[in-house]
Amino acid sequence: MRQIQMVDTRTQYHHIKAEVDQAVLDVMESSAFINGKPVQEFAGNLSAYLGAKFTIPCANGTDALQIAMMALDLQPGDEVITPSFTYIATTEVIALLKLKPVFVEVDPKTFCIDPAAIEKAITTRTRAIVPVHLYGHAAPMEAIMAIAKKHNLYVIEDNAQAIGCDYTFADGSKKKTGTIGDIGCTSFYPSKNLGAFGDGGAIFTNDEALSVKLRMIANHGQQKRYYHEMVGCNSRLDTIQAAILDIKLKHLDEYIAARRSAADFYNKAFGGHPKITIPYRAAYSHHVFHQYTLILEGVDRDALSQYLATQQIPSMIYYPVPGHKQKMFEQFGSGSQVLPVTDWLTERVISLPIHTELDGEQLAFITQQVLAFINK
Ligand SMILES: *Cc1c(COP(=O)(O)O)cnc(C)c1O
């Protein structure tokens, strides 16, 4: 049996090696390492795939979030509502820009921000909501957009874990996550569903004026070289990464299907077990399974994880400390905040290996070992 990994980027590379190697060599030969042709080609193809009017490539997903927030002219002290149960990048950039992160609860079924909790957290200083499509399941965007409209708030989607995910509205129409709010952000970190061979990110919007501003901010606040109209930053997607991503984009739907089929295998093995809750799927959301995350009840999670490690099966806790309990945010007094659903999930979740290259033998071994420990 091939060694089991949380993400197997090497085997995935081997399937497209000839094409990727040639694309990288072509960039080297052109020597247009920065803003070479593949960057705009990839951005165009990604826009078409997502149905976004504008795609602005940048250096990573954290920058994408930062640039998005910089483009909205938020003032120091303005409040941004965000889940506590997410990766640190979502909330860190809020504090970095001297804004105030306001942590709210998630729905224990979908792991995504709870619209009722958003409503309760709104004050006169609230300016934006940052929902996260966690683990590849969409946040309830229709409800979030309605709240945003009612209270005149911006919505920035953190789509780092859900690229390619379809959202179905009540009227049956569909959109890709990341294209529903005012701005969408994603990451091409190697382990993400559309992963580069290094860092990368992108920002999406359907608003032309906003797209111009986002592009300027990512490029030192300039449109015309050396004429800097606003404070920006330097955030670019390398040409080599864009060339690789353009090839992988053609396989994204296939990659998503492979993740979903691995999740189906797990679901069949774990579904109905009294101590295991398998990932829920809301009717409005497709699930692209960036992570396959179980909720365990009455199981010593750390002991399970250690046991799996002895069997060469990796597992992860995403995330062991929620935002409101991070020392980084003590300045906001969030440590005293009580978020029981978030705390409850934090103590019970465990993520199993999921990627495009898991085979039947590996999946059977993982499920067998997990159940052997839990049923012991
Ligand atoms: C990966 C990730 C990011 C940040 O992306 P980087 O490219 O690593 O900067 C932001 N938010 C979420 C939810 C992520 O999973």
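Structural notes, computed from the coordinates. (Residues numbered from 1 in each chain as written. Predicted model: local features only at pLDDT ≥ 70, side-chain atom pairs only at ≥ 80, totals over all residues. Heavy atoms only, no water.)

## Quick word on the nonpolar core
- F42, L46, I118, F188 and L194 are the most contacted members of the largest nonpolar core, which totals 56 residues.
- At the level of secondary structure, the elements contributing two or more residues to this core comprise helix 3 (37-50), strand 3 (100-104), helix 6 (115-121), helix 7 (141-151), strand 9 (201-205), helix 9 (239-249) and helix 10 (252-270).
- Sort the elements by how many residues they give to this core and helix 3 lands first, with 5 residues.
- Mapping this core onto the domain boundaries places at least three of its residues in each of domain 1 (9-249) and domain 2 (252-375).
- Those residues in contact with L46 that sit more than four places away from it in its chain are T55, I163, F188, L194, A202, F204 and L249. (Core = buried A, V, L, I, M, F, W, Y, C linked by side-chain atoms within 4.5 Å. Buried < 20%, exposed > 50% of the residue type's maximum accessible area, 1.4 Å probe, protein only. Helix = DSSP H or I, 4+ residues; strand = E, 2+ residues; numbered from the N terminus. Domains from an automatic or database assignment. Contact = heavy atoms within 4.5 Å.)

## Topic: the sheet that holds strand 8 (residues 183-187)
- Read from one edge to the other, the open sheet built from 7 strands follows the order 1-9-8-5-4-2-3, with strand pairing classed as mixed. Bordering the open sheet on either side are strand 1 (54-58) and strand 3, each of which pairs with just one other strand. Taken pair by pair, the neighbouring strands of this sheet meet at an average axis angle of 25 degrees, ignoring direction.
- Pairing of strand 8 with strand 9 involves 4 bridges; the strand directions are antiparallel. The partner of G184 across the bridge, within strand 9, is F204.
- Strands in contact with helix 3 are strand 1 and strand 9; relative to strand 1, the strand with the most contacts, it is inclined by about 135 degrees. (Pairing = 2+ DSSP bridges. Axes fitted to C-alpha atoms, helices over the stretch in contact; angles between N-to-C directions.)

## Quick notes on empty space enclosed by the protein
- A full pass over the atoms with the stated rule returns 1 cavity of 30 Å³ or more.
- Looking at the largest cavity, its volume works out to about 70 Å³.
- Class assignment of the residues belonging to the lining of the largest cavity gives a composition of 2 nonpolar, 7 polar and 4 charged. (1 Å grid on protein atoms, 1.4 Å probe; cavity = no way out; pocket = protein on both sides within 12 Å on 5 of 7 lines; lining within 4 Å. Points joined across faces, edges and corners; volume = space filled by probe spheres on them. Nonpolar A, V, L, I, M, F, W, Y, C, P; charged D, E, K, R; others polar.)

## Observations concerning the layout of surface pockets
- Within this model, the largest pocket holds a volume of roughly 490 Å³.
- Surrounding the largest pocket, 26 residues form its lining, Y87, S187, Y189, K192 and Y319 being those nearest its centre.
- Within the residue set of the lining of the largest pocket, elements represented by two or more residues are helix 4 (61-70), helix 5 (88-96) and strand 8.
- Taken together, the residues that form the lining of the largest pocket break down as 12 nonpolar, 11 polar and 3 charged.
- Residue contributions to the lining of the largest pocket reach at least three from each of two domains, namely domain 1 (9-249) and domain 2 (252-375).
- Size it by volume and the second largest pocket reaches roughly 370 Å³.

That is the geometry; function is a separate question.
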